[in-house]
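Residue-level structure breakdown
Below, each chain spelled out in residue letters.
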Amino acid sequence: MLEITNLHASIEDEEKEILKGINLRVGAGEVHAIMGPNGSGKSTLASILAGRDGYEITQGSINFEGDDLLEMDPDERAREGLFLAFQYPVELPGVNMSTFLRHAVNSVREHRGQDELSAVDFLKLMKEKAGLVHLDPSLKSRAVNEGFSGGEKKRSEIFQLAMLEPKLAVLDETDSGLDIDALRIVSDGVNQLRSPERSFVVITHYQRLLDYITPDFVHVLVDGRIVKSGGKDLALKLEELGYDWIKEDAVVA
Amino acid sequence: MSDRNSIESRLLQEWESRAGSAMNGRLHDSRAEAIKRFRDAGIPALRSEAWKYTPIRRILDRMPTLDIDPEGINTDGLDLGASTIEGLDAYRVVLVDGRFQADLSDVTGLPKGARILDLRESSSDEDVVRHLDGTGTEARDAFAELNSAFVQDGVAILVDAGVIVPRPILIQQIVTAQKPSLVQPRLLGVFGRNSQARLVEVCSTAGQAEVLTNAFSEFHTATGAVIDHVRLIDEHAGAVHINNLRSYQEGGSNFSTNVITVSAGTVRNQSYFLPDGEHCETHLSGFYLAQDGAHIDNHTLVDHAKPECYSNELFKGILENKSVGVFNGKVLVRQDAQKINAYQSNKSVVLDDTSRMYSKPELEIYADDVRCSHGATTGELDKDALFYLQARGIRQDAARLMLLEAFASDVLDRIKEEPVRAHVDQLIRSRLSRN
């Protein structure tokens, strides 16, 4: 599904390297958690996967379903089945939620050789998927993310994920700022969307989210490198001991 | 004064040569006063603060010699299509080169007490003549004076007290001149107490010749009347359009106007609002799309002389490819005008670094118990927003269009006639997506 090989990246026009040789292999249906302290490069990795401007890839490659991901525009990546749930979803005043999503869904469908959804089928789909994360159906007439609470914004991201049915979803700190109820709703939504064909990369600072979304693999990112990988127990150990023991380990290694 | 061949001298000579001939007595006097004021004021000099970013003297000097009185208007085979609004059930008035075209217009079914007149045929109509002598001294302006000095063609809309005009009035103004010309249409709207009317103006050009349109619209809105006005200006690159609008309101009236400018040439919209009574509502808005060297200048003055009034101003625009936008909006609250609520906002998106936006909001307040605000922002398209849409699979050009339409939506939402809104939406979409 996804294969990252020796990825080095820096912020455009800056010398400082943020990612210093990432290697990661995500198979179909797997859930990988990437944990790490602030400034370790987690969000940079998410941004680079989705194709955000402003980064320079100095070395390495990313292969997605057999294609060179780095060659694709952000919209092309999305149509190929990559989805990023934003840490800070952007408010789009004046852009109507259902117009936006209908356009997005039909772009993806067209790419997959499927017919456009009719207005009726689209509304039906919206209603069904909004239910997954307990979103008020009236949101369809609102502007995208505008005036949404923090929790609503995150739920809206998972709702969009459900609408677009990607092959690989990258959740960038989807748990940050959520109270326990919202966290449960978001996690329930994600769990219902898990399938043998769909993979997840869950980026998080805290282990809390992983109580609800059980990962197959946990990777620890420190200073631009994955310094440790393991099963879900690794997350628990991190919760207990913090990141310092890993950093020391990394230095020793 | 400038040299003999300047447009000013030629206009003055032309006026002299016509004086006394085609003009009737009463109008002659007001025209004579207007030409005197035009001569005194002169076409604004390059150092004029009010014309700082639209150097009109230089613009006019660059134009070829203009035919001041274009003759021989030929409407055979004239295509009204571009200025027709699909689905708009309206009374229709057609002005070609400023001149009322009775055979192309259709105002049947007007209610009793509402009249739509060819100005040329109405120079002895008492109601028309009485209102043709633009009154507001604050709003004196060389181009408005020039229009008044030559006033002859255009349309008068007279609505008696208590009359509700049931359908909108569509005024299609087409400039067809095949050689460089000056066109000076006049629009007069006189709305009696508690009357209601909706006006939609569409200004377009059919030829490719360089033309100067010096339009002047005056609206007199009496107590309790509710007037809604939209003006769409869509002209070719060789057109220069000066559009003076004066709105006089009596107490308790409601006047809305929305000026949509998508011209490829030079446009100066100069709108002055004088809510001259308590409890007036004034809604003024505008949208500008300046592409490929267009120059669009919106100049507004809201002169609050009376207390307890409300005004709300919103101008937004998009600029790209060597274009210039100007906004200069002044809100004046005079000393006795207490309890005024006046809001003003100007927002522009400049899509590339070859275009410029000059925004100058001015708030001048002499009363102490008022609520006023203004704001102006100019920026590029929000890159984070663009990325967000792309990250959902939407192609960059479609995402860009979606954001620009969203940007324009609140000002376009102020257009109340649905077919007009759809027409403007479609026009803007096609202009923005042509690349």
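Our subject is the structure that appears above.
All of the points below concern the structure found in this document. (Residues numbered from 1 in each chain as written. Chains lettered and ligands numbered in written order. Predicted model: local features only at pLDDT ≥ 70, side-chain atom pairs only at ≥ 80, totals over all residues. Heavy atoms only, no water.)

1. As for the pairing of strand 3 (residues 114-118) of chain B
All names here are of chain B. Of all five residues making up strand 3, four are buried, and the element is well covered by its neighbours. One ladder, built from five bridges, connects strand 3 with strand 4 (residues 154-159); its direction is antiparallel. Along strand 4, the bridge assignment pairs Asp118 with Val155. (Buried < 20%, exposed > 50% of the residue type's maximum accessible area, 1.4 Å probe, protein only. Helix = DSSP H or I, 4+ residues; strand = E, 2+ residues; numbered from the N terminus. Pairing = 2+ DSSP bridges.)

2. Section: unusual backbone geometry
The residue B:Asp292 is not glycine, and still its phi comes out positive at about 55°. Among the structural elements, B:Asp292 can be located in the loop between strand 14 (281-291) and strand 15 (295-304).

3. Points about the pattern of salt bridges
Across all of its chains, the model carries 38 salt bridges over all chains by this definition. A salt bridge links A:Glu3 to A:Arg25; its shortest N-O distance comes to 3.9 Å. Here the residue A:Glu3 occupies a position in strand 1 (residues 2-11), and A:Arg25 occupies one in strand 2 (residues 17-26), the gap between them amounting to 22 residues. For A:Glu3, a relative accessible area of 35% corresponds to the partly exposed category. For A:Glu152, the salt bridge identified is with A:Arg142, shortest N-O distance 3.6 Å. Of this pair, A:Glu152 sits in helix 5 (residues 150-164) while A:Arg142 sits in the loop between helix 4 (119-132) and strand 8 (143-144), and the two are 10 residues apart along the sequence. Each of B:Arg115, B:Asp125, B:Asp127 and B:Arg130 takes part in one network of salt bridges that share partners. (Salt bridge = Lys/Arg side-chain N within 4 Å of Asp/Glu carboxyl O.)

4. What about the packing of helix 3 (residues 97-111) of chain A against helix 5 of chain A?
Residue and element names in this part refer to chain A. In contact at an axis separation of 10 Å, helix 3 and helix 5 are set at 35° when each is read in the N-to-C sense. Once helix 3 is placed against helix 5, the crossing between them reads as right-handed. Across from Met97, Phe100, Leu101, Ala104, Val105 and Val108 in helix 3, the residues of helix 5 making contact are Ser156, Phe159, Gln160, Met163 and Leu164. Residues belonging to the contact of helix 3 with helix 5 are distributed by class as follows: nine nonpolar, two polar and no charged. (Axes fitted to C-alpha atoms, helices over the stretch in contact; angles between N-to-C directions. Left-handed = near helix turned anticlockwise from the far one by under 90°. Contact = heavy atoms within 4.5 Å. Nonpolar A, V, L, I, M, F, W, Y, C, P; charged D, E, K, R; others polar.)

5. A short note on the sheet that holds strand 5 (residues 67-68) of chain A
All names here are of chain A. Strands sit in the order 2-1-4-5 across an open sheet of four strands; the sheet is antiparallel. The open sheet has two free edges, formed respectively by strand 2 and strand 5, since each of these has just one partner strand. Inspection of the sheet shows strand 4 (residues 55-64) paired to strand 5 by two bridges, in the antiparallel sense. Note on strand 5: the bridge partner recorded for Phe64 is Asp67.

6. Observations regarding the nonpolar core
A:Ile4, A:Leu92, A:Phe159, A:Leu171, A:Phe200, B:Phe287 and B:Leu412 are the most contacted members of the largest nonpolar core, which totals 119 residues. By residue number, the principal contributor to this core is helix 7 (residues 396-412) of chain B, which donates 10 residues. Split by domain, the residues of this core number at least three in each of domain 1 (7-276) and domain 2 (382-435) of chain B. Setting aside residues up to four positions removed in sequence, A:Phe200 forms contacts with A:Glu30, A:Val31, A:His32, A:Leu161, A:Leu168, A:Ala169, A:Leu171, A:Val190, A:Leu193 and A:Arg194. Formed by 34 residues, the second largest nonpolar core is a distinct cluster that contains B:Leu95, B:Ala114, B:Ile169 and B:Tyr288. (Core = buried A, V, L, I, M, F, W, Y, C linked by side-chain atoms within 4.5 Å. Domains from an automatic or database assignment.)

7. A short note on the interface of chain B and chain A
Each side of the interface is counted separately: chain B has 17 residues, and chain A has 29 residues. Its largest share of buried area at the contact with chain A, chain B owes to B:Phe387, B:Tyr388 and B:Arg392, together 41% of the area lost on that side. Residues A:Glu157 and B:Arg392 are paired through a salt bridge, measuring 2.7 Å at the closest nitrogen-oxygen approach. Where chain B packs against chain A, one counts nine residue pairs in polar contact (both at pLDDT 80 or more). For the side of chain B that touches chain A, the secondary-structure elements that each account for two or more residues are helix 6 (383-390) and helix 7 of chain B. Taken together, the residues of the side of chain B that touches chain A break down into 10 nonpolar, four polar and three charged. (Buried area = accessible area lost by both parts, 1.4 Å probe. Polar contact = N/O pair within 3.5 Å; in protein donor to acceptor, adjacent residues only side chain to side chain.)

8. What to know about a negative patch on the surface
Among the surface-exposed residues, A:Glu12, A:Asp13, A:Glu14, A:Asp53 and A:Glu56 lie close enough to one another that they form a single negatively charged patch. A relative accessible area of 45% places A:Glu14 in the partly exposed class. (Patch = residues over 30% accessible without salt bridge, like charges linked within 9 Å, V, L, I, M, F, W, Y side chains within 5 Å. Areas by Shrake-Rupley, 256 points an atom, 1.4 Å probe, with all protein chains shown as cover. Lys, Arg positive; Asp, Glu negative; His and termini not counted. Charge placed at Lys NZ, Arg CZ, Asp CG, Glu CD.)

9. What to know about helix 7 of chain B
Because each turn of an α-helix spans 3.6 residues, side chains separated by three or four positions end up pointing in the same direction. All names here are of chain B. In a regular helix each residue adds 1.5 Å, so 17 residues correspond to 24 Å; helix 7 covers 24 Å between its end C-alpha atoms and thus fits that length. Where helix 7 bends most, at Ala406, the angle is about 25°. Three or more residues of helix 7 are buried, namely Ala399, Leu401, Met402, Leu403, Leu404, Ala406, Phe407, Ala408, Ser409, Val411 and Leu412. (Expected span 1.5 Å × (residues − 1). Bend = angle between axes of the 7 residues up to and from the residue.)

10. A closer look at the side chain of A:Ser10
Residue and element names in this part refer to chain A. With respect to the helices, strands and loops of the structure, Ser10 is situated in strand 1. Under the relative-accessibility criterion, Ser10 is labelled buried at 5%. With residues near it in sequence (within four places) discarded, Ser10 still touches Glu15, Lys16, Glu17, Ile18, Gly54, Tyr55, Glu56 and Thr58.

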